[in-house]
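If you want the building blocks of each chain, they are given just below.
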Amino acid sequence: NQDRFAEADSQLLRALAIADGIPDANEAMALCVNRLRILRTQGRSAALAWIEEIDRRHTVDLPNPRAWTQSRFAACETLRDAGRYGEAWIKLGQERGKVALHASGVAPAWDVAEAGLWLDLGQHARAVAPAQRLARAAADPAIAPWLRARALLVQAQVRARVNGQGLDDRPDEQAWALLDAAAVCAPRDSRRAAWYEVVLQRAAWGDAASGAALAEGLAAPAAALGLIGYARRAWWLACGRSLDAGQIAAARRCAAQAEALATHVFDSAAGPEAVLPTGGCERAIDAVRLQLARATGDAAVAAPARAAQVRLQQTVDQHVPAEWRDGFLQRQPVQLTLQRRIAELASA
């Protein structure tokens, strides 16, 4: 809860070794779910294999249904970070009655994950229903502050996306008010992920220069806590907002910091590990890379544009269910921006 994840992971792995040595699958499953939260919040790609480990244990050992159900939220968000949207949707394929039964106080996290997934897929109209449920959840005085902050943030995001008809985010006065309310209740000294999400959203919606400063100001503290996925995402956002503000030198510096975090040696890892942009996506990073290439007059922009096109097409073909592909490509701002920049640079 203090976001001291390197220490927490060390103790958790010791506890899991003990739990695996006694006939108590329930305790082991609870530990596995806690580790998934650690790995996802840090941006560790090892979280993807840990989802598979949790599912294997659930199938073989028939353990704690409460813990396993709660793991579906983190599994969905981890797979979204990796761009594996079809699998993310499958992880939410639980009956809502089971969620209410087993997730109790954190059940609104289901709607946070569902609404975010619909927004990623360009299905902003479908995100309205979970956002409405989150409005009711946020009014519950018993809800944890970090979860209330996330509930308010998602409501703001859905409203802005609906206002822009999926073509862009258009935060109106109410969306900004929801974002401000999320900032008020988001913890700053524990479970900081909600606070980081609020700051990054403010940086994306605000004016370019202020947004760049906000994102850059978050990157170093996040990295110091080992939250490398948030740091990587923040540096790329700072790069893009610096470019929007015409600050080319600052953008170059931010991009260098971001590229250095594409892999990272975490304390419990044997070697360098790929870093996922926690709460973000690789196509947004590709869009900023192409924006930087054009702004700096890079003579070799055609090759990265083609590579970005290949990665986008692979995501569509392999990870976006067929019924949602049109929305993903035609009503999702990240994909629209990336496709526009690919078209601008591909023939250069």
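> So what about helix α7 (residues 108–120)? Which residues, and what values?
Look at α7: 19 Å from first C-alpha to last across 13 residues, which is about the 18 Å you get at 1.5 Å a residue. In terms of burial, α7 is a largely internal element, 13 of the 13 residues being buried. Looking at the residues trailing α7, positive phi occurs at glycine 122, about 75 degrees.

> Explain the pattern of salt bridges to me, and be specific about the residues and the numbers.
Applying the stated criterion across every chain, the model contains 30 salt bridges. Arginine 44 serves as the salt-bridge partner of glutamate 273, at 3.1 Å between the closest nitrogen and oxygen. Of this pair, glutamate 273 sits in strand β2 (residues 273–274) while arginine 44 is found in the loop between α2 (25–42) and α3 (46–61), placing the two residues 229 residues apart along the sequence. A relative accessible area of 3% means that arginine 44 is categorised as buried.

> For the environment of alanine 250, give the residues involved together with the corresponding values.
Along the chain, alanine 250 falls in helix α14 (residues 248–260). With a relative accessible area of 18%, alanine 250 lands in the buried category. Separated by 58 residues in sequence, alanine 250 and alanine 308 have C-alpha atoms that sit 23 Å apart.

> Residue-level account of the state of the cysteines, with values.
By definition, a disulfide links two cysteine residues through a covalent bond between their sulfur atoms. Per the counting criterion, the structure on display carries zero disulfides. A disulfide-free cysteine, cysteine 76 has its sulfur positioned 14 Å from the sulfur of cysteine 281, the nearest such atom.

> Could you give an account of the nonpolar core, with specific residues and numbers?
Judged by nonpolar contacts, the single largest core of 107 residues is most densely connected at Leu36, Ile54, Leu121 and Cys239. With ten residues, the top contributor of residues to this core is helix α9 (residues 145–163). Ignoring sequence-local partners within four residues, the contact set of cysteine 239 consists of Ala251, Cys254, Ala255, Val288 and Leu292.

> Tell me about the side chain of glutamine 123, residues and numbers included.
Here glutamine 123 shows up in the loop between α7 and α8 (128–138). According to the relative accessible area criterion, glutamine 123 is buried, its value standing at 11%.

> Got a sec to walk through the packing of helix α4 (residues 65–81) against α7? Specific residues and values, please.
The axes of two packed helices give the description: the angle between them and the distance between them. Running from amino to carboxyl end, α4 crosses α7 at an angle of 20 degrees, the nearest separation of the two axes being 9 Å. By the criterion of interaxial angle, the relationship of α4 to α7 is roughly parallel. Pair α4 / α7 crosses with left-handed handedness. Taken together, the residues of α7 that come into contact with α4 (itself represented by Phe73, Cys76, Glu77 and Arg80) are Ala109, Trp110, Val112, Ala113, Gly116, Leu117 and Asp120. Here the residues of the contact of α4 with α7 are counted per class, giving seven nonpolar, one polar and three charged.

So, how was this worked out
Sequence order as written defines the numbering, with residues in each chain counted from 1. Owing to the predicted nature of the model, reporting of local features is limited to residues with pLDDT of at least 70; listing and counting of side-chain atom pairs is limited to 80 or more, with chain, interface and lining totals taken over all residues. Side-chain measures were taken over the full set of non-hydrogen atoms in the model, leaving aside hydrogen atoms and water. The helix and strand labels rest on DSSP assignments: H or I over at least four residues marks a helix, E over at least two residues marks a strand, and numbering proceeds from the N terminus. What a helix should span is 1.5 Å times the count of its residues minus one. Partly exposed describes any residue whose relative accessible area lies between the buried limit of under 20% and the exposed limit of over 50%, with all areas from a 1.4 Å probe on protein chains only and scaled to the type maximum. Salt bridge, as used here, is a side-chain nitrogen of Lys or Arg placed within 4 Å of a carboxyl oxygen of Asp or Glu. Working definition: a disulfide is two cysteine sulfur atoms within 2.5 Å of each other. Among the buried residues, those of types Ala, Val, Leu, Ile, Met, Phe, Trp, Tyr and Cys that are joined through side-chain atoms within 4.5 Å form a nonpolar core. Residues are treated as being in contact if the distance between any of their heavy atoms lies within 4.5 Å. Axis definition: a line fitted to C-alpha atoms, over the contacting stretch in the case of helices. Angles run 0 to 180 degrees between N-to-C directions. Our angle categories are set so that under 35 degrees counts as roughly parallel, over 145 as roughly antiparallel, 65 to 115 as roughly perpendicular, and the remainder as oblique. In this scheme the handedness of a crossing depends on how the near helix is turned from the far one: anticlockwise by less than a right angle means left-handed, clockwise means right-handed. Classes in brief: Ala, Val, Leu, Ile, Met, Phe, Trp, Tyr, Cys and Pro nonpolar; Asp, Glu, Lys and Arg charged; the others, Gly included, polar.

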